[in-house]
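Below, each chain spelled out in residue letters.
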Amino acid sequence: MKIRTFIATASLVASGSLVAFSGSAQAALYTTCVGDGGAVTVSNDLVVPAGKSCTLTGTKVKGSVTVEAGADLVAAGATFNGAVNVEENAYLDLTDTTVKGALTTESAFGTHLEKSNLKAVDATEGFVYAVDSTLGGNVTTENGELYVSGSTLNAALTGEGNQYTDVYDSTVKGALTVNGNTLGGVFCASEVYGVATYSGNADNLQIGGEGLLGSCAGASYFGGNLVVTDNTANSVLDNAIVRGGLTATGNNPVLVVGELARIRGAVTGDTAAASAARSAKKAAPQDRGAELAEKVAERAAAAKADAHEAGKSRL
């Protein structure tokens, strides 16, 4: 294991707790992790250096956490009191972990969140794979892949320019926005209480119920308005209750509304009958969650192996 504290001049460290030394000099205090770390408390910031791997079990970090370019951080049962930043091609894997600050990724390989509690998430490129987790602030992903399952989101969820934005068996208490996704999106057996908007998406949109991307057991609920506009995707709305109105304009092909869709408000725009969805259904449904789970497993296994070897080399 290598978990070491460094003192460096503030100009050499991007972020960190500043502590005063003699005279007017200030320095940044931070801890690096290469290898395996256990149930210790890091009283300052934690950095996983570029290209290195760190695994933490039961660790508490009082400051911020930075996973530098190409690095891996795998944590279980950990608590991070500050923000977490994941840099280019880096990987973050959290299980049963609490992050009290914001999580930001910048062209990362990806982020896996399982049985964890976080605040806001802002991800640019890379994937975000959230399972059985609670997200307290806004979750925004851009130009990546977003898959959410069995989770509660206490604010808004946005998938902007992603490959896809898929939500399964989850609750979104704020607004849901899926805009410009090249492979569309799935909303299955889930609830959203703000306005739900699907706009400018391609390929396929499955909004509740069985559709072009496979079957969905369980109904979906939209507590406000549902807006499906200007999509070139094959779009299906079924097995869902829309408490507000439905706007379906500018879609080509038009939105297909199934027999199990219940819309309480006004319907604006053009829709088609459910038979169109059945005739167009793919023979082999996509399972994007399984593909992401495979990516997660491969990167996490490699990260743990690298961290273990790094720890052995320093015994």
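Above this text you will find the structure in question.
Residues numbered from 1 in each chain as written. Predicted model: local features only at pLDDT ≥ 70, side-chain atom pairs only at ≥ 80, totals over all residues. Heavy atoms only, no water.

**Q** Just checking my understanding: could you explain the nonpolar core for this structure?
**A** If you look at soluble globular proteins, the nonpolar side chains tend to sit buried side by side. Core analysis: the biggest nonpolar cluster contains 56 residues, and Leu-73, Phe-80, Phe-222 and Leu-226 have the highest contact counts within it. Apart from residues no more than four positions distant in its own chain, Phe-222 is found in contact with Phe-187, Val-192, Ala-196, Ile-207, Ala-240, Ile-241, Val-242, Arg-243 and Gly-244. In terms of nonpolar packing, the next biggest core, distinct from the first, is built from nine residues, Tyr-91, Tyr-129, Tyr-147 and Val-296 among them. (Core = buried A, V, L, I, M, F, W, Y, C linked by side-chain atoms within 4.5 Å. Buried < 20%, exposed > 50% of the residue type's maximum accessible area, 1.4 Å probe, protein only. Contact = heavy atoms within 4.5 Å.)

**Q** What is the right way to look at the environment of Phe-127 in this model?
**A** Tracing the backbone shows Phe-127 in strand 18 (residues 127-131). Residues Phe-127 and Thr-111 lie 16 residues apart in sequence; the distance between their C-alpha atoms is 6.1 Å. Leaving out residues up to four positions away in the same chain, Phe-127 has contacts with Tyr-91, Phe-109, Gly-110, Thr-111, Glu-145, Leu-292, Lys-295 and Val-296. (Helix = DSSP H or I, 4+ residues; strand = E, 2+ residues; numbered from the N terminus.)

**Q** Help me out: how do you make sense of the side chain of Ser-199 in this one?
**A** Position of Ser-199 among the secondary structure elements: in strand 29 (residues 196-199). In this structure the side chain of Ser-199 is engaged in a polar contact, spanning 3.4 Å, whose partner is the backbone oxygen of Thr-229. Apart from the residues within four sequence positions on either side, Ser-199 is in contact with Val-178, Asn-179, Gly-180, Thr-229, Asp-230 and Asn-231. (Polar contact = N/O pair within 3.5 Å; in protein donor to acceptor, adjacent residues only side chain to side chain.)

**Q** What should I look at first to understand unusual backbone geometry in this one?
**A** Comment: phi is negative for the bulk of residues other than glycine, and the bulk of peptide bonds are trans. Cis geometry marks the peptide bond from Asn-252 to Pro-253, where omega comes out at 10 degrees. With respect to the helices, strands and loops of the structure, Pro-253 is situated in the loop between strand 35 (246-248) and strand 36 (255-257). The phi angle at Ser-107 is positive, at roughly 55 degrees, despite the residue not being glycine. With respect to the helices, strands and loops of the structure, Ser-107 is situated in the loop between strand 14 (103-106) and strand 15 (110-114). One non-glycine residue, Asn-239, adopts positive backbone phi at about 45 degrees. With respect to the helices and strands, Asn-239 occurs in the loop between strand 33 (234-237) and strand 34 (240-242).

**Q** Looking at this structure, how should I read the packing of aromatic side chains?
**A** Each pair of aromatic rings is reported with the distance of its centres and the angle of its planes. Summed over the entire model, instances satisfying the criterion amount to six aromatic pairs. Judged by centre distance (5.6 Å) and plane angle (75 degrees), the rings of Phe-109 and Phe-127 are edge-to-face. You can see Phe-109 sitting in the loop between strand 14 and strand 15 and its partner Phe-127 sitting in strand 18, a full 18 residues away along the chain. According to the relative accessible area criterion, Phe-109 is partly exposed, its value standing at 28%. (Phe/Tyr/Trp six-rings, centres within 6.5 Å; stacked < 30°, edge-to-face > 60°.)

What is shown is where atoms sit, not what they do.
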